[in-house]
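Okay, here's what each chain looks like letter by letter:
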Amino acid sequence: MKEEDLSRIKRYPIVEYLERKGTKPVRRTPAYALYRSPLRAETHPSFKVDTEKNLWIDYAEGRGGSVIDLCMRLENCTLSEAIRRLGQTAPDDTAYSSRKDFAQNNCQPAMTVNGTRRLISISDTLPPHLQEYLTKVRCINLEKAKPFLKCVSYEVRGRRYQAIGFANLSEGYELRDNGSFKGTIAPKDITPICTDRQSEHTTDKTQPVCVFEGFMDFLSFLSMKEEVANQCLVMNSVSNVARTVRYLNDRHLTYIRTFLDNDDAGRMATNDFIIAGFKVEDMSVHYKDFKDFNEFHVSRVHEQNKQKWQVQTRMSVTEQKESKKSKQVKHKMR
């Protein structure tokens, strides 16, 4: 098959394909369409089509993909047969535009810097400049954070770099340096975290799972709390919503607290969890004036330090006055 023919098939709008199958959406917005899953009988809609990207996701299963993947599932056929069938019904031309290549079954491509990032070493010891960034800029309690962090050394075009590394479920790493760099040592995945008092099998399912967008938000939460009793999960990207849903569903965890960013992507991800049937406590209402949870945490620490300084200043002034009075009394007694 010619590449342009395959590209045309991938652009075949999923909502149009479903309509030809007699499946109509329960809800429709300019950005997505929501269905009762065509893959099984259900009363609660858990099947969503992103009409801008022309991708679908089944929240109950935590899986999704392109129109080709959907055809294979619905019609129980092979990849080549799905392409042939869709080729017979796909429009010859469509105003719909999308990315050229879709990752099947919601798998994500390896993320590298122009394909040249090479892992050199992983260490338990963070160098001073990265420690200072965490404590001074991000206001992270280093002692609490250290068990979750590594120093990742890597090479790009012959130059070596160091970054803070946060491991994920697939043994990849989320990277952050003391500047503006954010990246990944593939593969990209979520990071579930159990507390010292828990294991994956002893988790109290009546307690909410705290879901964070990035690891700096999780470390902020860790720094704020004397003790963390809840199971936590770091998505490492809102693009990992499907993976998060699948992980939680597999463990029958239905109650979550979301600590996501105050932007459209964060709000959409929170809404996706609600659509997927979770009981969701949206914690972003508590830091609505800030970009994300870490920014809220940093502001909170600065305010606390300011108040401490003001108290210390008042005490110092009072002590100076008392010392002056004491000297005056002693002078009079002479």
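These numbers come from a predicted model, not from an experiment.

This part takes up the sheet that holds strand β2 (residues 32-35). Pairing is antiparallel in the open sheet, where five strands are placed in the order β1-β2-β3-β4-β5. The sheet terminates laterally at β1 (27-28) and β5 (63-65), the two strands that pair on one side only.

It is worth spelling out unusual backbone geometry at this point. The peptide bond linking Ala186 to Pro187 adopts the cis configuration, its omega dihedral lying at 5 degrees. Mapped onto the elements of the fold, Pro187 is located in the loop between β10 (182-185) and β11 (191-193). In the Ramachandran plot, Glu171 falls in the positive-phi region, its phi being about 70 degrees despite a non-glycine side chain. Relative to the helices and strands, Glu171 is located in the loop between β8 (159-167) and β9 (173-176). The backbone phi angle of Asn236 is positive, close to 65 degrees, even though this residue is not glycine. Along the chain, the position of Asn236 falls in the loop between β13 (232-234) and α8 (241-250).

What follows is about the pattern of salt bridges. Overall, the coordinates contain 18 salt bridges when judged by the stated rule. The partner of Asp264 in a salt bridge is Arg267, with the nearest N and O atoms 3.0 Å apart. Of this pair, Asp264 and Arg267 both sit in helix α9 (residues 264-275), separated by three residues, roughly a single helical turn. Asp292 is the salt-bridge partner of Lys291, the closest N and O atoms lying 2.8 Å from each other. A relative accessible area of 8% means that Asp292 is categorised as buried.

Among the five residues that make up strand β14 (residues 255-259), four are buried, leaving the element largely enclosed by the rest of the structure. Note: strand β12 (residues 209-212) against β14, four bridges, orientation parallel. Note that in β14 the partner of Phe212 across the bridge is Phe259. As paired strands, β14 and strand β15 (residues 279-282) are joined by four bridges and run parallel to one another. Each residue of the ladder has a partner; that of Ile256, found in β15, is Val280. On the question of chirality, the crossover connecting β14 to the parallel β15 by way of α9 is right-handed.

Cut-offs and rules
Residues numbered from 1 in each chain as written. Predicted model: local features only at pLDDT ≥ 70, side-chain atom pairs only at ≥ 80, totals over all residues. Heavy atoms only, no water. Pairing = 2+ DSSP bridges. Helix = DSSP H or I, 4+ residues; strand = E, 2+ residues; numbered from the N terminus. Salt bridge = Lys/Arg side-chain N within 4 Å of Asp/Glu carboxyl O. Buried < 20%, exposed > 50% of the residue type's maximum accessible area, 1.4 Å probe, protein only. Right-handed = clockwise from strand over helix to strand, strands pointing away.

Nothing here speaks to function; it is all geometry.
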